[in-house]
Amino acid sequence: MATDYYGLLKIRRDATQDEVKRAYRRLARELHPDVNPDPETQERFKEITQAYEVLSDTEKRRMYDMGVDPFASSAAAGASPFGQGFNPLNDLLDQFFGAAGGGAATRGPRSRAQRGRNATIRIELELSECSFGATRELTVDTAVVCPTCSGEGTAPGTHPQTCDICGGRGEVSQVTRSFIGQVMMARVCPGCGGFGTVLVRPCPECDGDGRVRTRRTIKVRIPAGVEDGTHIQLAGEGEVGPGGGPSGDLFLEIVQRPHEIFERQGDDLHCTVTIPMVAAALGATLSVESLDGPADVDIRPGSQSGQVIPLYGQGVKHLNGNGRGDLVIHVTVETPTKLDAEQEKVLRELAKLRGEEAPPGRFAPGQQGFFSRLRDAFNGR
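Just so it is clear, the structure is predicted and the values come from calculations on it, not from any experiment.

S.K.: Help me out: how do you make sense of the overall build of the protein chain in this one?
M.R.: Per the secondary structure count, the protein chain includes 10 helices and 15 strands. Split into buried and exposed, the 381 residues of the protein chain put 35% on the buried side. For the protein chain, the accessible area works out to roughly 22,500 Å², and carbon and sulfur atoms hold 50% of it.

Pasting the structure below:
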């Protein structure tokens, strides 16, 4: 036999269905990959899930114990162009003539344990939390295994009983006459719904579903570098499936709140700093805000509006990598809108010293002086 399913779940060959479920849940909690699942963990998780699908199904387990691996048999039969496990010709023959061309169909009963649904939760984060990561406690309204019946769906002290109508096969056969003679057709058993067993006394807490709804709190680690729209998968943290089946996944959708100073572009941050005209002309050292706190920025003499000053490595951390983006500062030079007499006198003298003063209206094309440009700005031209 190619695969030891009992060994994968670490149980005895005579383990009960409850022991199979408990073993799978214990291993699933250990092997569920977190935000960044590695390939080995994913592969092991697939293996134990396959083992659970076989050993939790009465008919599949019986075939496996006889030396027939249901998954290996499907693979040996070849892949169908209609999808894995689907063979339209065989299904048609089984429906009309039963398995083996005339006997009763032996597809086997359906398992009550089904995989649970996935769930999505939106989380709002500040820019600093997106950059450096955060830990959040989330309250999740979800389905969990029923504590009264442990997912079996029956009242305490009772167990599912074999269906009297189909004898545990999950389907019944009916013989009809047609133009080709007697035809045996198989259909889902009306007594058990295809499960092969019936719940004589359903669990009073979950009404036979094997799960109940409740609120639980989980602690989630948000990695550094996430951005608006990022989805984080938490395997196995979704809803428990019907019949105490495997849990679905929980997805976290990140929503980044707008920042009053910074605009994020990828892992770079952009902001605008307005400086006085004199500081732009003479140069200065300014203190600006960053995600790491105040940072000193040197304004070189003669700086112009639109100049860009990068602060390397002070942006957002790279997701799943080392290093950070940059903080890009855009400079805007502020020109005064009102001057008193003394200030205007000083500027006129500066214009004369720089040779930028000339009688109004007599500037050569492209030679308009400093003071005249300043005057035009004052007059709104």
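Moving on from the coordinates now.
S.K.: Would you explain the sheet that holds strand β1 (residues 119-125) in this entry?
M.R.: Picture the strands of a sheet paired through backbone hydrogen bonds; they go either parallel or antiparallel. Overall, mixed pairing links the 3 strands, which are arranged β1-β9-β8 in an open sheet. Whereas interior strands pair on both sides, the edge strands pair on one side only; in this sheet they are β1 and β8 (231-234). Within the sheet, the average angular offset between the axes of one strand and its neighbour, ignoring direction, is 25°. Note: β1 against strand β9 (residues 250-256), 7 bridges, orientation parallel. Along β9, the bridge assignment pairs Ile121 with Leu252.

S.K.: I'm lost on the sheet that holds strand β10 (residues 263-265) in this one. Help?
M.R.: A sheet is described by the order of its strands in space; here 4 strands give the open sequence β10-β11-β15-β14, paired in mixed fashion. On the outer flanks of this sheet lie β10 and β14 (308-311), each paired with one strand and no other. Strand after strand, the sheet turns through a mean of 30° between neighbouring axes, direction not considered. Two elements, strand β11 (residues 268-276) and strand β15 (residues 327-334), share 8 bridges in a ladder whose sense is parallel.

S.K.: Please explain the pairing of β15 as it appears in this structure.
M.R.: When a strand is regular, its side chains alternate between the sheet's two faces. Relative to β15, β14 is paired through 4 bridges, and the arrangement is antiparallel. In the sheet register, Ile309 faces β15, and the bridge partner there is Ile329.

S.K.: Help me understand the environment of Leu291, please; the structure alone is not making it clear to me.
M.R.: Locating Leu291 in the fold gives a position in the loop between β12 (284-288) and β13 (295-299). Counting along the chain gives 23 residues from Leu291 to Gln314, while the straight-line C-alpha distance between them is 7.2 Å. Non-local contacts of Leu291, meaning those with residues more than four positions away in its chain, are made with Leu127, Ser128, Ser131, Phe132, Phe262, Leu269, Gly315 and Arg324.

S.K.: Is there a simple way to explain the packing of helix α2 (residues 17-31) against helix α3 (residues 39-55) in this structure?
M.R.: Packed helix pairs are characterised by how far apart their axes lie and by the angle those axes make with each other. Running from N to C, α2 and α3 point in directions that differ by 170°, and their axes come no closer than 10 Å. The orientation of α2 relative to α3 falls into the category roughly antiparallel. Residues Gln17, Val20, Lys21, Tyr24, Leu27, Ala28 and Leu31 of α2 form the contact with α3, whose own contacting residues are Thr41, Arg44, Phe45, Ile48, Thr49, Tyr52 and Leu55. Counted by class, the contact of α2 with α3 contains 9 nonpolar, 3 polar and 2 charged residues.

What counts as what
Residues numbered from 1 in each chain as written. Predicted model: local features only at pLDDT ≥ 70, side-chain atom pairs only at ≥ 80, totals over all residues. Heavy atoms only, no water. Helix = DSSP H or I, 4+ residues; strand = E, 2+ residues; numbered from the N terminus. Buried < 20%, exposed > 50% of the residue type's maximum accessible area, 1.4 Å probe, protein only. Areas by Shrake-Rupley, 256 points an atom, 1.4 Å probe, with all protein chains shown as cover. Pairing = 2+ DSSP bridges. Axes fitted to C-alpha atoms, helices over the stretch in contact; angles between N-to-C directions. Contact = heavy atoms within 4.5 Å. Parallel < 35°, antiparallel > 145°, perpendicular 65-115°, else oblique. Nonpolar A, V, L, I, M, F, W, Y, C, P; charged D, E, K, R; others polar.

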